[in-house]
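# Chains, contacts and geometry: an overview
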Amino acid sequence: MDYYSVPCRLLRGARQLVYPRRCPFCDQVLGSVPTCPDCAAELEELRRKPGMRLDASQHYLGRLAGAAAPFRYEGCVRRGVLHTKYHAAPWAAVEMGVWLAKLAFGSEVRMSGAELLPELVEGMSLGYDCIVPVSASGTARGYNVPQLMALPLTRALGVPLYPEALGRARAKQHQAGLPFEQRMANVAGAFRVTDPDRIEGRKVLLVDDVITTGATAAACAQALLAAGAESVFAIALATVEFEAFPAKDQPLQENKPDF
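Presented here is a report on the structure given in the accompanying data block. The shown structure was predicted, so the numbers you read here are calculated from the model rather than taken from an experiment.

Rules of the game
- Residues numbered from 1 in each chain as written.
- Predicted model: local features only at pLDDT ≥ 70, side-chain atom pairs only at ≥ 80, totals over all residues.
- Heavy atoms only, no water.
- Helix = DSSP H or I, 4+ residues; strand = E, 2+ residues; numbered from the N terminus.
- Buried < 20%, exposed > 50% of the residue type's maximum accessible area, 1.4 Å probe, protein only.
- Areas by Shrake-Rupley, 256 points an atom, 1.4 Å probe, with all protein chains shown as cover.
- Axes fitted to C-alpha atoms, helices over the stretch in contact; angles between N-to-C directions.
- Parallel < 35°, antiparallel > 145°, perpendicular 65-115°, else oblique.
- Left-handed = near helix turned anticlockwise from the far one by under 90°.
- Contact = heavy atoms within 4.5 Å.
- Patch = residues over 30% accessible without salt bridge, like charges linked within 9 Å, V, L, I, M, F, W, Y side chains within 5 Å.
- Salt bridge = Lys/Arg side-chain N within 4 Å of Asp/Glu carboxyl O.
- Phe/Tyr/Trp six-rings, centres within 6.5 Å; stacked < 30°, edge-to-face > 60°.
- Lys NZ or Arg CZ within 6 Å of the ring centre and 35° of its normal.
- Expected span 1.5 Å × (residues − 1).
- Pairing = 2+ DSSP bridges.

Turning next to the overall build of the protein chain. Along the protein chain, the regular secondary structure elements total eight helices and nine strands. Looking at the protein chain as a whole, 51% of its 259 residues are labelled buried. In the structure as shown, the protein chain presents an accessible area of about 12,000 Å², 52% of it carried by carbon and sulfur atoms.

Here you go:
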């Protein structure tokens, strides 16, 4: 069933009577308040402006047509992503996707009860034919953060979401703490397209939560392009910013919980 269908929204509305909506970044109860007053200033400070596109001199983009992220992976954004991943907060991933729809694609967002609803951005579907999330590294969490973040994007862009189009060809070691060279080896051949008919000839928007070096997004793009995709553009909520491309042997700790 469509996540934004009336029955699903009514069920979420009933649930919020018992479990009120919270800020995805600091977990403060918000209810029907659109944005968190405690996080507003820090979120503005963490915005990547004036442009959101990633610099190929600072990230490995491989055969990606490009990549973008509206936030730096620091402060409350980092804490929010880690909370979503490690504290069973799938609802927070969806709300982060609303922020992504608003900041990256210009979607107007309105409150409906105690839920943020992104509006369709006219003409945006001309740039993309489908949305594909980076597949989860395992099943222990019970949900895939990029897939949940993609739900508001499919509503805002008006293009279909193919959550199972990209799968894991093999298990990979967690990227946290690995230097760039090992990250590249870790994701090489790790992804496969499970339904090439949905991908062939399509302009794909690839969704992830965080882009660090770009190795994972580039490996996903390689699999999608090999399956016949016309192009792949990657979007994430946040990115790790480097003054220069990290050394091959530099350990990167972006995913280690600190709470």
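The next thing to look at is the packing of helix α3 (residues 75–86) against helix α4 (residues 90–105). Remark: α3 packs on α4, axes separated minimally by 7 Å, with the N-to-C direction vectors making an angle of 140 degrees. One way to sum up the angle between α3 and α4 is to call them oblique. The chirality of how α3 crosses α4 is left-handed. Contact residues: α3 offers Gly80, Val81 and Thr84, while α4 offers Ala92, Ala93 and Met96.

On the surface, Leu17, Val18 and Tyr19 cluster together into a nonpolar patch covering about 390 Å² of accessible area. Locating tyrosine 19 in the fold gives a position in the loop between α1 (6–18) and α2 (40–45). When its relative accessible area of 52% is taken as the criterion, tyrosine 19 is described as exposed.

Let us now look at the pattern of salt bridges. For the structure shown, the criterion picks out eleven salt bridges. Where arginine 12 meets glutamate 115, a salt bridge forms, and the shortest distance between an N and an O atom there is 2.8 Å. Note that arginine 12 is positioned in helix α1 and glutamate 115 in strand β4 (residues 115–118), a separation of 103 residues in sequence. Residues arginine 12 and glutamate 115 agree in their burial class; the two are buried. The structure contains a network of salt bridges with shared partners spanning Glu44, Arg47 and Lys49.

For the rest of this paragraph, the subject is the packing of aromatic side chains. How two aromatic rings sit relative to each other is set out by the distance from centre to centre and by the angle between their planes. Across all of its chains, the model carries five aromatic pairs by this definition. Relative to tyrosine 4, the ring of tyrosine 3 has its centre 4.9 Å away and its plane inclined at 85 degrees; by these criteria the two rings are edge-to-face. By relative accessible area, which is 22% here, tyrosine 3 ends up partly exposed. According to the relative accessible area criterion, tyrosine 4 is buried, its value standing at 6%. Three or more aromatic residues link up through ring pairs in this structure, and these residues are Phe25, Phe71 and Trp99. The ring centre of tyrosine 4 lies 5.8 Å from the NZ or CZ of arginine 12, which sits over that ring. If you follow arginine 155 out to its NZ or CZ, it ends over the ring of tyrosine 4, 5.1 Å from the centre.

Okay, helix α5 (residues 145–157) next. Between its first and last C-alpha, α5 extends 19 Å over 13 residues, near the 18 Å set by a 1.5 Å rise per residue. Those residues of α5 that fall on the buried side of the exposure criterion are Val145, Pro146, Leu148, Met149, Ala150, Leu151, Pro152, Leu153, Ala156 and Leu157. Where the residues of α5 are buried, they touch α3, α4, β4, β5 (130–133), β8 (203–211) and β9 (231–239). Glycine 158, located one to two residues past α5, shows a positive phi value of around 75 degrees.

A separate point is α3. Helix length check: α3 (twelve residues) gives 17 Å between terminal C-alpha atoms against 16 Å at 1.5 Å per residue, within 8%. In terms of burial, α3 is a largely internal element, nine of the twelve residues being buried. For α3, the full list of buried residues reads Cys76, Val77, Arg78, Gly80, Val81, Leu82, His83, Thr84 and Lys85. Following α3 by one or two positions, alanine 88 adopts a phi angle in the positive range, close to 50 degrees.

All right, on to the pairing of β4 then. For a regular strand, side chains alternate in direction, first toward one face of the sheet and then toward the other. Here β4 shows a buried face lined by Glu115 and Leu117 and a second buried face lined by Leu116 and Pro118. Here strand β3 (residues 109–112) folds back onto β4, and the loop between the two strands holds two residues, one of which, glycine 113, carries a positive phi near 70 degrees.

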